[in-house]
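Structural characterization, general
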Amino acid sequence: TSSMSHILEVLEALRALGPDIGVIITGPNADTEGRALKKAVIEFAEDLNTAIFCESMGQSLYLNALNQVDLVVGNSSSGLYEAPTFGIPTVNIGDRQKGRLQAASVLSCRPERGEILASIREALMRDCTGTVNPYGDGMASPKIIAALEDINDPQALLQKQFFNV
């Protein structure tokens, strides 16, 4: 099955959510079928008045959007890395993220519209506010700085040490 058949299944599942659900769609990666996928999602957003297409939100706007939405749907690593920090569920579609750590807020399903729709409905019922992100709490930089400040002789780090085993 192709990426195009998968995105069509996702779009039909999103359409089936009805007029009370708003949808934000971000642009696809520049992969094999990227242009065709982009065309399909743009046409979908133009046809469905509760959907909008954003080519790219940039980091700041995207993170602000995550703070406002009810869930993330797709096969993006963002659903595994960022969404759990915001306490929102992710419907992870297909096996693109297979083998990666997943928070309890992540529901995985096959790229089939009925399964996607059922997973979305289940995700919307979940309370993920206490989700622990297996990728950390977003505070790595201060921890690294504190660890570096605790080093008594930073110059000693520049000298390689070899150990015989």
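All values reported here derive from a predicted model rather than from experimental measurement.

Looking at the overall build of the protein
The secondary structure content of the protein amounts to six helices and five strands. In the protein, the succession of helices and strands from N to C terminus is α-β-α-β-α-β-α-β-β-α-α. Taken over the C-alpha trace, the protein has a radius of gyration of 20 Å; the compact-globule value for 165 residues is 15 Å, which it surpasses by more than 25%. When burial is assessed residue by residue, the protein has 31% of its 165 residues classed as buried. Considering the protein, the positive charge centre built from 13 side chains and the negative charge centre built from 20 side chains are found 6 Å apart.

Digging into the environment of A51
Tracing the backbone shows A51 in strand β2 (residues 51–54). On the basis of relative accessibility, which here comes to 7%, the residue A51 falls in the buried class. For the pair A51 and P19, spaced 32 residues apart in sequence, the C-alpha to C-alpha distance is 9.7 Å.

As for the side chain of S119
Structurally, the position occupied by S119 is in helix α5 (residues 113–125). Contact partners of S119, with chain neighbours within four places excluded, come to V91, L107 and C109.

Here we look at the packing of aromatic side chains
Scanning all chains against the criterion turns up one aromatic pair. Between the aromatic rings of Y81 and Y135, the centroid separation amounts to 4.5 Å while the plane-to-plane angle is 80°, which identifies the pairing as edge-to-face. Note that Y81 is positioned in helix α4 (residues 78–81) and Y135 in the loop between α5 and α6 (140–149), a separation of 54 residues in sequence. On the accessibility criterion, Y81 (31% relative accessible area) is partly exposed.

Concerning the pairing of strand β4 (residues 90–93)
Residues T90 and N92 point to one face of β4 and V91 and I93 to the other, with burial holding for every one of them. Relative to β4, strand β3 (residues 72–74) is paired through three bridges, and the arrangement is parallel. Across the sheet, the residue bridging to V72 is T90, located in β4. Across four bridges, the pairing between β4 and strand β5 (residues 106–109) is parallel. Bridge pairing in β5 places T90 opposite V106.

Some words on helix α2 (residues 34–47)
The end-to-end C-alpha distance of α2, which contains 14 residues, comes to 20 Å, matching closely the 20 Å that a straight helix rising 1.5 Å per residue would cover. The secondary structure elements touched by the buried residues of α2 are α1 (3–15), β1 (23–26) and β2.

Focus: the packing of α1 against α2
Running from amino to carboxyl end, α1 crosses α2 at an angle of 15°, the nearest separation of the two axes being 10 Å. The angle between α1 and α2 places the two elements in the roughly parallel class. The handedness of the crossing between α1 and α2 is right-handed. Along its contact with α1, which presents S3, M4, I7, L11, L14 and R15, the element α2 presents A36, L37, A40, V41, F44 and D47. Partitioned by chemical class, the residues of the contact of α1 with α2 number nine nonpolar, one polar and two charged.

Scoring rules and cut-offs
Residues numbered from 1 in each chain as written. Predicted model: local features only at pLDDT ≥ 70, side-chain atom pairs only at ≥ 80, totals over all residues. Heavy atoms only, no water. Helix = DSSP H or I, 4+ residues; strand = E, 2+ residues; numbered from the N terminus. Rg over C-alpha atoms; globule rule 2.2 N^0.38 Å. Buried < 20%, exposed > 50% of the residue type's maximum accessible area, 1.4 Å probe, protein only. Lys, Arg positive; Asp, Glu negative; His and termini not counted. Charge placed at Lys NZ, Arg CZ, Asp CG, Glu CD. Contact = heavy atoms within 4.5 Å. Phe/Tyr/Trp six-rings, centres within 6.5 Å; stacked < 30°, edge-to-face > 60°. Pairing = 2+ DSSP bridges. Expected span 1.5 Å × (residues − 1). Axes fitted to C-alpha atoms, helices over the stretch in contact; angles between N-to-C directions. Parallel < 35°, antiparallel > 145°, perpendicular 65-115°, else oblique. Left-handed = near helix turned anticlockwise from the far one by under 90°. Nonpolar A, V, L, I, M, F, W, Y, C, P; charged D, E, K, R; others polar.

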